[in-house]
Structure formats: structure tokens, C-alpha cells
Amino acid sequence: MTYQAGRHFLQIPGPTNVPDRILRAIAQPVLDHRGPVWARLQAEVFERIRPVFKTKQPVMIFPASGTGGWESALVNTLSPGDQVLTFDTGQFAVLWGTMARKLGLDVKMLATDWRRAPSPEAIEAALTEDRAHKIKAILLVHNETSNGVMSRVSEIRKAIDRANHPALLMLDTISSLGSADMRMDEWGVDVVVGGSQKGLMLPAGLAFVAASEKARTAAKSAKLPRAFWDWEPMLAAADGKSPLPYTPACNLFYGLKEALDMIEEEGLETVFARHVRHAKATRRAVRAWGLDTVCAEPSEYSQSVTAVFVPEGHSADGLRKVILERFNMSLGAGLGRLGDKVFRIGHLGDFNDLMLAGTLSGVEMGLSLAKVPHRSGGVLAALEYLSGTEERRVAA
Ligand SMILES: *Cc1c(COP(=O)(O)O)cnc(C)c1O
């Protein structure tokens, strides 16, 4: 391998770029995880993570990738044979449902064409039909990373309430936590699952699970076997009442503390607005190229990732290969049934206008090199939006 000068552009939708501040924070000597210095760090981090979830509920932190958080959510609240409502709306939603099936749950799946999120109306209908209340939980993905479609959670909450159904609402926020607004308490979400390596700008290795009072009550009688993922010792640690039940990913906690500092300095709402803006600029470019986003519903556009179809008969993986080799940039691949049909531009985490401009330039040059039919001018359209030139032109 020859040396490739300059930074690699890691524009997959997670793991994301880890900023230098966080890398430096992680590069510390390892501490005694039962000692007093650690106890203070643990208490601080568990407290300061709650506002990112917009919750007063405890947030548990497991040494795992996000998938572990999925398992933790299921095994603590459900019993063998319980019915769960899941969605064939994208690769991650399907994988969560598949995990539920492996754990012995009775999985009911509502489908879409993978271009929109679960519809509040379909959920309301499924719950209204379930008069016996067999459905115990709804497994919803907030931001479906495989197709760039975001669920309208507050509307789905209202649909559940209209059906007057007691199922627990579980929400995967692995690729939206810290990049899209998520209001656990206001939206009445019972279990929120997050991960460290996307919006939170850390390496992979921390899984977050926040649980409402209703979910914690369900955990008292749930019968699925649980050991590593058990909430009880984690809740005690989150409350500051006891040490963690096993060795935490100590150095990632230093990084998380730094990430929380950065989010507080920028302001959580400003972070969200920055993501909305970059997503809009990206869609401006896609439209100017004459290409289609996978997401077909404007009210469900993701603000952290944009998935783009290549025209029929062309290879998205071939395009990604050219872009990686020529410009040292990684884009996300199409997953599951979207394999080779789409490429995904991650625009989340520690990211700014010029990084987006570089990213879109790499895509536009790659489209030409890979001979994917498109119009030029996508980058320009994005720059006009980012610089405000577009608004001035429209106003004039
Ligand atoms: C990345 C991702 C996952 C998987 O998380 P891991 O950390 O890879 O286990 C699950 N759901 C969504 C929405 C994701 O984006």
C-alpha cells in the first residue's frame, strides 16, 4: 500500500469521524474502575447523558455495539412467545425483528417498499385489531440508516394512544442519537437504544439503553433469560448506588465526557440544525445530479444519511470503488435488497460545510469517472444553499 496523503473521508453513516479532541481524551492511562476517580467520572457521565435523550429516566451504558442494546431492550421486558410488532421498512428494522424471532418472540412484521417509514395509520390499525392486547412491544427504528428514512415518532405515539394500546414503544436511535431531535419523555418512548459511533462521534463500543418506569416495571415480571444484559445491576450503577457490574469500556467514557462537552458547547439544538442543513444541501446536490433519493416521503427525510439510487443497469458498488480508489473516500453501501442499487452519504457527527463540499465533490467526480449518467452542477447547487446565495437569488 502506498501512503495516501491527507485525511481519509469517512462518509459512511457510522462509524463516523472521531474528532481530535475525543481521540486525545481517549488516549489516557487506564484507571482503576473501582477507584474514587472513576466513581466520579461514572457519576458525571451517567448524569450528563440524560439530556441527550431528553429524559429524566436512567440511561444504562453497556460495553457493546448498538446491537447489544437491542438485545438488552428485548430480554429485559418480554417473555417467551410474546408478540412484538416490527417493520420490514429497511435493513436495520428487519435485523431487529430477526433478533426478536431468534430470542423466541412472536414477530409480526408490517411491510413497506423500503422508501418510507412505518405509517402511523398502519400501526394504529394493527393495534386496534389486536383487541386481546397480544402485542407487547413495538420495535421502531427512528432513523433507518439503510435507506435514509426517519420515522415520525411523535405521530406514531399519538396513533398508539388513539388505539388505546398498552404495548411498550421501543426506539432504535443508534444513528440519530446526537444528530436528530429525539424526545424520549415527551414522546412517551419506553425503551431507547443508542450507540456511541454515530452522532456521538466516538468509536464503537458503548450501547445505551434508557428505560421508562413502565419498561422497568415490565422488567420485574419478564421471563426471557438475561445475564450480561440484565438491567438491574446497570440501573443501580446509573443511579450512582453501586459500581458497574463488570469492566466498563473505561477509555470510551473519557471520550464520552469530551463528546458531551462538545455537544454542550455547540448546543444540542444547534447540532440538530446543523444536521438538517447538511441533509438539505445534500438533497439539493442529488436533485441537481438528476438522481433519486431512496426516501420517497419529504416529511421522512433523514438528517444524518442520504441514500441515493444509481440509474438502472449501473453499479453503486462500482461507483463506491472508484471513489475510494481515486479520492480516498468511503461511502455507505446499499444493504439487503438495496445492495449495489444505492450508495449512502453519511453527513452526521463531527461535520461541517467544507467537509460536506469535499464529500459531494468526490461523489460528483466519481459519477463522471464511473460513467454513471447524471447532470453536473450538484456541488454548485449545494454550495449555493450553504452560502445563502440560493436564498438571495430566489428573493431577488
Ligand atoms: C448502526 C446501526 C445499528 C447497528 O449498530 P451496531 O453498533 O453496528 O451494532 C442498528 N440500528 C441502526 C439504525 C444503525 O444505524
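Quantities reported herein were computed from a predicted structural model and do not represent experimental measurements.

Criteria and cut-off values
- Residues numbered from 1 in each chain as written.
- Predicted model: local features only at pLDDT ≥ 70, side-chain atom pairs only at ≥ 80, totals over all residues.
- Heavy atoms only, no water.
- Helix = DSSP H or I, 4+ residues; strand = E, 2+ residues; numbered from the N terminus.
- Rg over C-alpha atoms; globule rule 2.2 N^0.38 Å.
- Buried < 20%, exposed > 50% of the residue type's maximum accessible area, 1.4 Å probe, protein only.
- Near = heavy atom within 4 Å.
- Polar contact = N/O pair within 3.5 Å; in protein donor to acceptor, adjacent residues only side chain to side chain.
- Areas by Shrake-Rupley, 256 points an atom, 1.4 Å probe, with all protein chains shown as cover.
- Nonpolar A, V, L, I, M, F, W, Y, C, P; charged D, E, K, R; others polar.
- Contact = heavy atoms within 4.5 Å.
- Salt bridge = Lys/Arg side-chain N within 4 Å of Asp/Glu carboxyl O.
- Axes fitted to C-alpha atoms, helices over the stretch in contact; angles between N-to-C directions.
- Parallel < 35°, antiparallel > 145°, perpendicular 65-115°, else oblique.
- Left-handed = near helix turned anticlockwise from the far one by under 90°.
- Expected span 1.5 Å × (residues − 1).
- Phe/Tyr/Trp six-rings, centres within 6.5 Å; stacked < 30°, edge-to-face > 60°.
- Pairing = 2+ DSSP bridges.
- Domains from an automatic or database assignment.
- Buried area = accessible area lost by both parts, 1.4 Å probe.

Asks: Please explain the overall build of the chain as it appears in this structure.
Replies: Summing up its helical and strand segments, the chain has 15 helices and 13 strands in all. The C-alpha radius of gyration computed for the chain amounts to 21 Å, which stays within 12% of the reference 21 Å derived for 396 residues, consistent with globular compactness. For the chain, the spread of C-alpha atoms along the three principal axes comes to 60 × 55 × 45 Å. Within the span of the chain, comprising 396 residues, buried residues form 56% of the whole.

Asks: Hey, could you run me through the site of the ligand in this one?
Replies: Lining the immediate surroundings of the ligand are 13 residues, of which S65, T67, T145, D172 and K198 lie closest. S65 places a side-chain nitrogen or oxygen 2.6 Å from an oxygen atom of the ligand. Contact with the protein chains removes 88% of the 380 Å² of surface that the ligand exposes when unbound. A per-element tally of the shell around the ligand places helix 4 (residues 66-77) first, with three residues. Residues of the shell around the ligand, tallied by class, amount to four nonpolar, seven polar and two charged.

Asks: Even after reading the chapter, I still don't get the side chain of T89, so can you show me in this structure?
Replies: Turning to its location among the elements, T89 is positioned in the loop between strand 3 (83-88) and helix 5 (91-102). What makes T89 buried here is its relative accessible area of 5%. Excluding residues within four positions of it along the chain, T89 makes contact with T112, W114, R116, A117, P118, E144 and N147.

Asks: I tried to follow the pattern of salt bridges on my own but got confused; where do I start?
Replies: Note on pairing: side chains with opposite charge can pair once their charged atoms come close. Per the counting criterion, the structure on display carries 22 salt bridges. Here E124 ties to R162 by a salt bridge, and the two come within 2.8 Å at their closest N and O atoms. Of the two residues, E124 is situated in helix 6 (residues 120-129) and R162 in helix 7 (residues 153-162); the sequence distance between them amounts to 38 residues. Residue E186 is joined to R183 by a salt bridge in which the shortest nitrogen-to-oxygen separation is 3.3 Å. For R183, a relative accessible area of 28% corresponds to the partly exposed category. Several salt bridges converge on common partners, so that one network encompasses K54, D181, R183, E186 and E269.

Asks: Please explain the packing of helix 11 (residues 268-289) against helix 13 (residues 353-369) as it appears in this structure.
Replies: The relative placement of two packed helices comes down to the angle between their axes together with the axis-to-axis distance. Interhelical geometry of helix 11 versus helix 13 gives an angle of 20° and a closest axis separation of 11 Å. With respect to helix 13, the axis of helix 11 lies roughly parallel. In this structure, the crossing between helix 11 and helix 13 has a hand that is right-handed. Residues R277, H278, A281, T282, A285 and W289 of helix 11 pack against D353, L356, L360, V363, E364 and L367 of helix 13. For the contact of helix 11 with helix 13, the per-class residue count stands at seven nonpolar, two polar and three charged.

Asks: Even after reading the chapter, I still don't get helix 10 (residues 250-266), so can you show me in this structure?
Replies: Along an α-helix, residues three or four apart share an orientation, since each turn contains 3.6 residues. Over its 17 residues, helix 10 runs 25 Å from end to end, which matches the ideal 24 Å to within 8%, given 1.5 Å per residue. The element helix 10 is largely enclosed, with a buried count of 12 among its 17 residues. Lining the buried residues of helix 10 we find helix 1 (20-26), helix 2 (36-48), helix 3 (50-53), strand 2 (59-63), strand 10 (206-211) and helix 11. Trailing helix 10 by a residue or two, G267 shows a phi angle of about 95°, which is positive.

Asks: Which parts of the structure should I look at to understand the packing of aromatic side chains?
Replies: The relative placement of two aromatic rings is captured by the distance of their centres and the angle of their planes. All chains considered together, the criterion is met by seven aromatic pairs. Measuring from ring centre to ring centre gives 5.0 Å for W38 and F253, while their planes differ by 55°; the resulting arrangement is tilted. With W38 in helix 2 and F253 in helix 10, this residue pair connects regions lying 215 residues apart in the sequence. No difference in accessibility class separates W38 from F253, as the two residues are buried. Measuring from ring centre to ring centre gives 5.8 Å for W70 and W96, while their planes differ by 10°; the resulting arrangement is stacked. Here W70 is found in helix 4, whereas its partner W96 is found in helix 5, with 26 residues between them in sequence.

Asks: What should I look at first to understand the sheet that holds strand 9 (residues 191-195) in this one?
Replies: By definition, the strands of a sheet pair up through backbone hydrogen bonds, in either a parallel or an antiparallel sense. Ordered in space as 2-10-9-8-5-3-4, the seven strands form an open sheet in which the pairing is mixed. Either end of the sheet is taken by a strand with one partner, and the two such strands are strand 2 and strand 4 (106-111). Strand-to-strand twist across the sheet, computed as the mean angle between neighbouring axes with direction ignored, equals 20°. Inspection of the sheet shows strand 2 paired to strand 10 by five bridges, in the antiparallel sense. The residue of strand 10 that forms the bridge with F62 is A207.

Asks: Looking at this structure, I do not really get the side chain of R157. What am I missing?
Replies: Structurally, the position occupied by R157 is in helix 7. Accessibility expressed as a relative area gives 12% for R157, which makes it buried.

Asks: For this particular structure, what's the right way to read the domain arrangement of the chain?
Replies: One frequent convention defines the size of an interface as the accessible area lost when the parts assemble. What the domain assignment lists for the chain is domain 1 (9-16 + 267-395) and domain 2 (20-264). The interface is formed by 32 residues belonging to domain 1 together with 32 residues belonging to domain 2. Between domain 1 and domain 2 the total buried area reaches about 2600 Å² when both faces are included, carbon and sulfur atoms providing 56% of it. Interface area lost by domain 1 to domain 2 is led by L268, E300 and R337, which between them contribute 22%. One salt bridge connects R337 with D88, and the closest N-O pair in it is separated by 3.4 Å. Our enumeration of links across domain 1 and domain 2 arrives at 18 residue pairs in polar contact (both at pLDDT 80 or more). Residue assignment for the side of domain 1 that touches domain 2 shows that the elements contributing at least two residues are helix 11 and strand 11 (305-309). With five residues, the single largest contributor to the side of domain 1 that touches domain 2 is helix 11. Partitioning the side of domain 1 that touches domain 2 into residue classes produces 15 nonpolar, 11 polar and six charged.

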